[in-house]
Amino acid sequence: MIRVVYRWTVHPGQAEAFVAAWWEATRHIQKAWPDARGSMLLKSEQDANVFLAMARWDSKEAWAASREAQSVVPAAVIERMRAATTGPASYEIFDEVLDWACSHTQAPD
């Protein structure tokens, strides 16, 4: 598993539009790509115009294939995201080491 962390800076006053477009884009990706294992969106407490998204994918190859394929996200949604942000998202890929998603799960010894 990998996690891809994206970062956007949103124009002041455009947070709601960005969040709505991100949600719609993410729904299309999740429906089209079975190797996409979920995504979350975070907003900075220090700067209300900074958003991070963390997407989970089965592999770097699956994520790369989704980027090389024709977009499953409608052009109008992509344009709404672009219009709300100050530029393209930056991203970084991380290998998933542990995921402690449930409070009752025990970490390995």
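Preceding block: the structure.
Note that the coordinates shown come from a computational prediction; the quantities given were computed from them, not determined experimentally.

Colleague: Honestly, the pattern of salt bridges in this entry has me stumped. Any pointers?
Modeller: Between side chains of opposite charge, a pair can form when the charged atoms approach closely. Evaluated as defined, the whole model comprises six salt bridges. Between E24 and R80 there is a salt bridge whose closest N-O contact spans 2.7 Å. With E24 in helix α1 (residues 15-32) and R80 in helix α3 (residues 75-84), this pair connects stretches of sequence that are 56 residues apart. Accessibility expressed as a relative area gives 38% for R80, which makes it partly exposed. Among the salt bridges present, the one from D58 reaches R37, with a minimum N-O distance of 2.8 Å. Of this pair, D58 sits in the loop between β3 (50-57) and α2 (60-68) while R37 sits in strand β2 (residues 36-43), placing them 21 residues apart in sequence.

Colleague: Just checking my understanding: could you explain α1 for this structure?
Modeller: In an α-helix, one turn spans 3.6 residues; hence positions three or four apart end up facing the same way. Helix length check: α1, at 18 residues, gives a terminal C-alpha distance of 26 Å against a target of 26 Å (1.5 Å per residue), a fit within 8%. Among all positions of α1, only F18, A21, W22, A25 and T26 are buried. Angular distribution of buried residues about the axis of α1 spans 135 degrees; they occupy a single face of the element. Residues E16, W23 and K31 are exposed on α1 and point more than 90 degrees away from its buried face.

Colleague: Explain the nonpolar core here, please?
Modeller: Note that soluble globular proteins tend to have their nonpolar side chains buried in a common cluster. Ranked by size, the top nonpolar core spans 21 residues in total, and within it Y6, W8, F18, W57 and M81 carry the most contacts. Contacts of Y6, omitting those with residues within four sequence positions, involve F51, L52, A53, A55, W63, R67, A89, S90 and Y91.

Colleague: Help me understand the packing of α1 against α3 in this model?
Modeller: Working note: a packed helix pair is described by the angle between its axes plus the distance between those axes. Two elements in contact, α1 and α3, have axes whose closest approach is 9 Å; the angle formed by their N-to-C orientations is 145 degrees. In the packing of α1 onto α3, the handedness of the crossing is left-handed. In contact with F18, A21, W22, E24 and A25 of α1, α3 contributes V77, R80, M81 and A84. A per-class count over the contact of α1 with α3 returns seven nonpolar, no polar and two charged.

Colleague: Looking at this model, I keep getting lost on the packing of aromatic side chains. Mind explaining?
Modeller: How two aromatic rings sit relative to each other is given by the distance of their centres and the angle of their planes. One pass over the full model with this rule turns up six aromatic pairs. Ring geometry for W22 against W23: centres 6.5 Å apart, planes inclined by 40 degrees, an arrangement best described as tilted. Owing to a relative accessible area of 7%, W22 belongs among the buried residues under this scheme. The structure contains a cluster of three or more aromatic residues connected by ring pairs, namely Y6, W8, F18, F51, W63 and Y91.

Analysis parameters
Sequence order as written defines residue numbering, which begins from 1 separately in each chain. Two thresholds apply to this predicted model, a pLDDT of at least 70 for residue-level local features and 80 or more for giving and counting side-chain atom pairs, whereas whole-chain, interface and lining totals are computed over all residues. Note that the side-chain values use all heavy atoms of the structure and ignore hydrogens as well as water. Here, a salt bridge means any side-chain nitrogen of Lys or Arg that lies within 4 Å of a carboxyl oxygen of Asp or Glu. Put simply, DSSP H or I for four residues or longer makes a helix, DSSP E for two residues or longer makes a strand, and each gets a number counted from the N terminus. Exposed residues in this analysis have more than 50% of their type's maximum accessible area, buried residues have under 20%, and partly exposed residues fall in between, with area computed by a 1.4 Å probe over protein chains only. To estimate how far a helix should extend, the number of its residues minus one is multiplied by 1.5 Å. The directions considered for the arc run from the helix axis to the C-beta atoms. Only buried Ala, Val, Leu, Ile, Met, Phe, Trp, Tyr and Cys residues count toward a nonpolar core, and they belong to the same one when joined by side-chain atoms within 4.5 Å. In this description, contact between two residues means that some pair of their heavy atoms is separated by no more than 4.5 Å. Convention adopted: a line fitted to C-alpha atoms gives each axis, helices being fitted over their contacting stretch, and angles between N-to-C directions are expressed from 0 to 180 degrees. Note: crossing handedness is left-handed where the near helix turns anticlockwise from the far helix by less than a right angle, and right-handed where it turns clockwise. Asp, Glu, Lys and Arg are counted as charged, while Ala, Val, Leu, Ile, Met, Phe, Trp, Tyr, Cys and Pro are counted as nonpolar; the rest, among them Gly, fall into the polar class. Only Phe, Tyr and Trp rings are paired, with Trp represented by its six-membered ring, and only when their centres lie within 6.5 Å; those with planes under 30 degrees apart are stacked, over 60 edge-to-face, the remainder tilted.

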